[in-house]
Structure formats: structure tokens, C-alpha cells
Amino acid sequence: QVQLVESGGGLVQPEGSLRLSCTASGSIFGFDLMGWYRQAPGKERGLVARIDSGGGITYADSVKGRFTISRENARNTVYLQMNSLKPEGTAVYYCYVRAYVKGDYWGQGTQVTISS
């Protein structure tokens, strides 16, 4: 069974920074896509950023230039460096992975609150 362990959420002031990390385990086949989605109250879950095994990256338009996604394949870990955070970015952030053969998995979510 694939398991995801997320860390790094919390409360930060506007224009502050946070770094999220997510480590995946439980698949001998490895992971194709790794990334982050977020869901604010009353809204649908949407893509923040994702990175494939070859290093190809997709960002939501709203975070381009402020967020940086990276991955450490040897540790099956994906990171999201978030800078210049805005209050509208307050949401639960979910780690997502697509495991080869096994399919898609989600983390339990970590709360990010941006407020003064």
C-alpha cells in the first residue's frame, strides 16, 4: 500500500514563506507524477504544481513565479517552496502521487493559513 507523509504546513503572515514536503513509500515500481493540490473552504480541489519523473513541471497560473516544486527521487520526496504567500492561498494542501502500476494516491492534507 502506498503511503504519503506530509509536513510543513502552518500559519504564516502575508508575503511570508513556507516549505511543504511529502515522502512516498510502498511502491517498488517508483513514482511518475508527484505534486500538490489545494482546497479552500467551499471550493474544489485544484492543482498547485506537479513534477514528473523526467523533471517536467506544471504550475497553476496563480503561483507562477512564487512557488517552486522539486523532487528527490532517491528519497521519493517532493517539495513545494512557497514564497510571497497571499491570504487567498489559505487552504488544505494535499500531496498527490501517481505510482507506476499502482495508480493515484493522496495524502491526508496539511493546513496552510496565511493571515496577519
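Scroll up a little and you will see the structure.
The rules behind the values
Residues numbered from 1 in each chain as written. Predicted model: local features only at pLDDT ≥ 70, side-chain atom pairs only at ≥ 80, totals over all residues. Heavy atoms only, no water. Helix = DSSP H or I, 4+ residues; strand = E, 2+ residues; numbered from the N terminus. Buried < 20%, exposed > 50% of the residue type's maximum accessible area, 1.4 Å probe, protein only. Lys, Arg positive; Asp, Glu negative; His and termini not counted. Salt bridge = Lys/Arg side-chain N within 4 Å of Asp/Glu carboxyl O. Polar contact = N/O pair within 3.5 Å; in protein donor to acceptor, adjacent residues only side chain to side chain. Contact = heavy atoms within 4.5 Å. Disulfide = S-S within 2.5 Å. Pairing = 2+ DSSP bridges. Core = buried A, V, L, I, M, F, W, Y, C linked by side-chain atoms within 4.5 Å.

Novice: Can you walk me through the side chain of R38 in this structure?
Specialist: Residue placement: R38 occurs in strand β4 (residues 31-39). Look at R38: it is buried, it has no salt bridge, and the nearest opposite charge is E88 at 7.9 Å. A polar contact is formed between the side chain of R38 and the side chain of S62, at a distance of 3.3 Å. For R38, the side chain forms a polar contact with the side chain of Y93, separated by 2.9 Å. Each residue touching R38, except ones within four places of it in the same chain, is listed here: E44, R45, G46, V48, S62, V63, F67, G89, A91, V92 and Y93.

Novice: Hey, could you run me through the pattern of salt bridges in this one?
Specialist: Side-chain pairs of opposite charge can arise where the charged atoms are in close proximity. Tallying each qualifying case throughout the model produces three salt bridges. We note a salt bridge from K64 to D61, for which the minimum N-O separation is 3.0 Å. Residues D104 and R98 are paired through a salt bridge, measuring 2.9 Å at the closest nitrogen-oxygen approach. Given a relative accessible area of 42%, D104 falls into the partly exposed group.

Novice: I tried to follow the state of the cysteines on my own but got confused; where do I start?
Specialist: Throughout this description, disulfide means a covalent bond between two cysteine sulfur atoms. Evaluated as defined, the whole model comprises one disulfide. The partner cysteine of C22 in its disulfide is C95, sulfur to sulfur 2.1 Å. Disulfide C22 to C95: torsion about the S-S bond roughly -85 degrees, handedness left-handed. Residue C22 is found in strand β3 (residues 18-25), and its partner C95 is found in strand β9 (residues 91-99); the two are separated by 73 residues along the sequence. Taking the relative accessible area as the measure of exposure, C95 reaches 0% and is therefore buried.

Novice: Is there a simple way to think about the pairing of strand β7 (residues 67-72) in this case?
Specialist: Remember that side chains alternate between the two faces of the sheet whenever the strand is regular. Of the two faces of β7, the one lined by F67, I69 and R71 is fully buried and the one lined by T68, S70 and E72 carries no buried residue. In the sheet, β7 pairs with strand β8 (residues 77-82) via six bridges, with the strands oriented antiparallel. Along β8, the bridge assignment pairs T68 with Q81. Where β7 folds back on β8, the antiparallel hairpin that results is connected by four residues, among which N76 adopts a positive phi of roughly 50 degrees.

Novice: Sorry, what's going on with the nonpolar core here?
Specialist: As a rule of thumb, soluble globular proteins bury nonpolar side chains together. With 30 residues, the main nonpolar core has W36, L80, M82 and V97 as its most contacted residues. Top contributing element to this core by residue count: β9, with five residues.

Novice: Whenever I open this one, the environment of A24 confuses me. Can you help?
Specialist: Here A24 is to be found in strand β3. The exposure class assigned to A24 is buried, which follows from its relative accessible area of 4%.

Novice: Where do I start with the pairing of strand β11 (residues 110-114) in this structure?
Specialist: Burial of β11 is one-sided: the residues T110, V112 and I114 facing one way are buried, the residues Q111 and T113 facing the other way are not. Where strand β2 (residues 10-12) and β11 come together, three bridges link them in parallel fashion. The partner of L11 across the bridge, within β11, is T113. As paired elements, β9 and β11 share three bridges and run antiparallel to each other. Following the sheet pairing, V92 is matched in β11 by Q111.

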